[in-house]
Amino acid sequence: PRTTVGIIGAGPAGLLLSHLLHRQGIDSTVLERRSRDHVEHRQRAGILEQGTVDVLRASGAAARMDRQGLEHHGIELRFDRRSHRIDFPSRAGGRSVMVYAQTEVVKDLIALRRQDGGTVLFEAEALSVDGARTEHPSIRYRHQGAEHTLDCAYVVACDGFHGIGRRSVPEGGLTVVERDYPFSWLGILADVPPSCEELIYAHHERGFALHSMRSPRVSRLYLQVDPEDTTGDWPDERIWGELETRLAIDGDWTLRRGPITEKSITPMRSFVSEPMRHGRLFLAGDAAHIVPPTGAKGLNLAVADVTLLAQALTRHQAHGDESGLDAYSETALRRVWRAEHFSYTMTTLLHADPAETAFDRALRLSQLRYLASSAAASASLAENYVGFTED
Ligand code: FAD
Ligand code: DHB
């Protein structure tokens, strides 16, 4: 088979890229290793920046989001048993965020691609990218027990951190920087109305906790846990007890409990591979960079990457203008590094590091108090949270 843009991975990056290209009259094929059911139910991110919402709306992919998404105008910070609200619109030029789950973005994009006659092959595993430095790159993949080759004009690896796209670049073609954190996140979904109207980011000496939501009836909560922990170490009673302790404030607030329907543990890391291009192979989303989830940036970066890439590929196809493709990596990486810094800052600010000193703890507490009381400090958090771009 043959296509103009061969896309590896049907996560948000790959699906949105395919959709945006279709709107410019460019055909693509998406190869996805897992089943449709699997990618539609994989629990991950939940916060869409204003810029992400704008891209989905402008491309006609926001109908259900506009009906079911929850617009949020701020977050709550909790520490020292007190609660402090950070307002977004007043601090970040009128912008805010949307609570709408990644699973729903993925379902909407798959449905649209189907409706528009797009090709998304599930249970099709890419094995290698060949000829990236030629004008005729290709993807070797396995589908329904047989191996095939997809001939392309361009290949975009949207295949996540563990994908094969980045690994197809020969030794020396990419520079990688990385940082691991000494904790993981335990995430749960619970059939219970959220106990808050806005997200709560809590720092407690026992560790971080986050109260988020999926809908007026479904809560999403996270706990900092030891990286060695498994879900077996965390029976439901222990999870609720720990959330209650870490989210507690003086005064009138209770955490509602309900049946836990999903439970998983995710390690935390920062990772950037530069450049995001090797000849006619481009990397986008988690395939190129990972942020720890505390800043809610991962999905938004993936959307920003493919938005740039769709424009650049369109200009090249339509006018032979290579400038967008040449600028892609540098332009994308400016936003990526802003998000890396913000995610690192939020992570170190809110988690309890087992190796930290009394000095580190005192600095953190001072910074939290500063954020809670200074308009300048909270404006910096707000503008990064809703999505900051230099231009
Ligand atoms: P992905 O969504 O990872 O999609 C990549 C796709 O490629 C997958 O469907 C995969 O099956 C497919 N693939 C991989 N290899 C191959 C292959 N060889 N052939 C074909 N297909 C392949 N962000 C937040 O903001 N908040 C969170 O709470 C949060 N939780 C997360 C939990 C986990 C476990 C993970 C992994 C990420 C989480 N993130 C979170 C980050 C956010 O979900 C990602 O940044 C986002 O999914 C990036 O989208 P993507 O399309 O680049 O990659
Ligand atoms: C969610 C995840 C995040 O990483 C975050 O910072 C906020 C919300 C969520 O899954 O709802």
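Parameters and conventions
- Residues numbered from 1 in each chain as written.
- Chains lettered and ligands numbered in written order.
- Predicted model: local features only at pLDDT ≥ 70, side-chain atom pairs only at ≥ 80, totals over all residues.
- Helix = DSSP H or I, 4+ residues; strand = E, 2+ residues; numbered from the N terminus.
- Rg over C-alpha atoms; globule rule 2.2 N^0.38 Å.
- Buried ≥ 20, exposed ≤ 12 C-beta atoms within 10 Å, placed from the backbone.
- Domains from an automatic or database assignment.
- Contact = placed C-beta atoms within 7 Å.
- Nonpolar A, V, L, I, M, F, W, Y, C, P; charged D, E, K, R; others polar.
- Near = placed C-beta within 6 Å.
- Pairing = 2+ DSSP bridges.
- Core = buried A, V, L, I, M, F, W, Y, C linked by C-beta atoms within 7 Å.
- Axes fitted to C-alpha atoms, helices over the stretch in contact; angles between N-to-C directions.
- UniProt positions renumbered as here; feature names shortened; annotations may be inferred.

By the naming in an unreviewed UniProt entry, the chain goes by 4-hydroxybenzoate 3-monooxygenase and is assigned to Streptomyces palmae.

*Asks:* Whenever I open this one, the overall build of the chain confuses me. Can you help?
*Replies:* Secondary structure assignment for the chain yields 10 helices and 20 strands. For a compact globule of 391 residues, the expected C-alpha radius of gyration is about 21 Å, and the chain comes in at 21 Å, within 12% of that figure. On the principal axes, the C-alpha backbone points of the chain span a range of 65 × 40 × 40 Å. The buried share of the chain, taken over its 391 residues, is 44%.

*Asks:* How should the domain arrangement of the chain be read in this particular structure?
*Replies:* Note: interface size is frequently given as the accessible area lost on complex formation between the parts. Domain boundaries assigned for the chain yield domain 1 (5-72 + 96-178 + 269-346) and domain 2 (181-268 + 355-386). Computed from C-alpha coordinates alone, the two centres of domain 1 and domain 2 are separated by 29 Å. In this assembly, 14 residues from domain 1 lie in contact with 17 residues from domain 2. Each residue belonging to the side of domain 1 that touches domain 2 can be placed in one class, and the counts come to six nonpolar, six polar and two charged.

*Asks:* What is the right way to read the site of ligand 2 from this model?
*Replies:* With respect to spatial proximity, the complete set of residues near ligand 2 consists of Ala 45, Gly 46, Ile 47, Leu 199, Leu 210, Ser 212, Arg 220, Pro 293, Thr 294 and Ala 296. When the residues that make up the shell around ligand 2 are grouped by side-chain class, the tally is six nonpolar, three polar and one charged.

*Asks:* Sorry if this is basic, but what is going on with the site of ligand 1 here?
*Replies:* For ligand 1, the set of nearby residues contains 31 residues, the closest of which are Gly 9, Gly 11, Gly 160, Gly 285 and Gly 298. Tallied by class, residues from the shell around ligand 1 come to 14 nonpolar, nine polar and eight charged.

*Asks:* Any chance you could explain the pairing of strand β5 (residues 74-79) here in plain terms?
*Replies:* Two faces make up the sheet, and in a regular strand the side chains alternate between them. When you tally the buried positions in β5, you get five out of six residues, the bulk of the element. As defined by bridge partners, β5 adjoins strand β6 (residues 82-87) across six bridges and the pair is classed as antiparallel. When the sheet's bridge partners are listed, Gly 74 is paired in β6 with Asp 87. Joining the antiparallel neighbours β5 and β6 is a turn of two residues, in which Asp 80 adopts a positive phi near 55°. One ladder, built from three bridges, connects β5 with strand β14 (residues 200-204); its direction is parallel.

*Asks:* What is the right way to look at the environment of Arg 179 in this model?
*Replies:* Within the secondary structure layout, Arg 179 lies in strand β13 (residues 175-190). Taking the C-alpha atoms as reference points, Arg 179 and Val 272, separated by 93 residues in sequence, lie 9.5 Å from one another. Ignoring sequence-local partners within four residues, the contact set of Arg 179 consists of Arg 269 and Ser 270.

*Asks:* Mind showing me how you'd approach the sheet that holds strand β8 (residues 119-121) here?
*Replies:* Each strand in a sheet pairs with its neighbour through backbone hydrogen bonds, running either in the same direction (parallel) or in the opposite one (antiparallel). Taken together, six strands build an open sheet; the order of strands is β8-β2-β1-β12-β19-β18 and the sheet is mixed. In this open sheet, the two edge strands, each paired with only one partner strand, are β8 and β18 (277-278). Of the strand pairs in this sheet, strand β1 (residues 5-8) and strand β12 (residues 154-157) are connected by four bridges, and their pairing is parallel. Paired with Ile 8 across the bridge in β12 is Ala 157.

*Asks:* How do you make sense of the nonpolar core when you look at a structure like this?
*Replies:* Where a protein is soluble and globular, its nonpolar side chains tend to be buried together. If you look at the biggest cluster of nonpolar residues, it comprises 108 residues, and the most contacted ones within it are Leu 17, Val 156, Ala 284, Val 306 and Leu 309. Tallying contributions element by element places helix α7 (residues 298-319) first for this core, with 11 residues. Domain assignment of the residues forming this core places at least three in each of domain 1 (5-72 + 96-178 + 269-346) and domain 2 (181-268 + 355-386). If we skip the residues at most four places from it in the chain, Leu 17 touches Ile 7, Val 156, Cys 158, Ala 284, Val 306, Leu 309 and Ala 310.

*Asks:* What is the right way to look at the sheet that holds strand β10 (residues 138-143) in this model?
*Replies:* Strand order in the open sheet made by the three strands is β9-β10-β11, with antiparallel pairing throughout. Each end of this open sheet is capped by a strand with a single partner; those strands are β9 (124-130) and β11 (146-151). In this sheet, neighbouring strand axes are inclined to one another by 25° on average, regardless of whether the strands run parallel or antiparallel. Note: β9 against β10, six bridges, orientation antiparallel. Within β10, the residue paired with Ser 128 across the bridge is Arg 140.

*Asks:* When you look at the UniProt feature "domain: FAD-binding" (unreviewed entry) in the chain in this model, what are you seeing that I'm missing?
*Replies:* UniProt records the feature "domain: FAD-binding" (unreviewed entry) at residues 2-342, using the numbering of this structure. Here residues 2-342 runs as 30% helix and 34% strand, with 41 Å between its end C-alpha atoms.

*Asks:* Whenever I open this one, the pairing of strand β17 (residues 260-274) confuses me. Can you help?
*Replies:* Taken together, the 13 bridges between β13 and β17 define a ladder with antiparallel strand orientation. Directly across from Glu 178, in β17, lies its bridge partner Phe 271.

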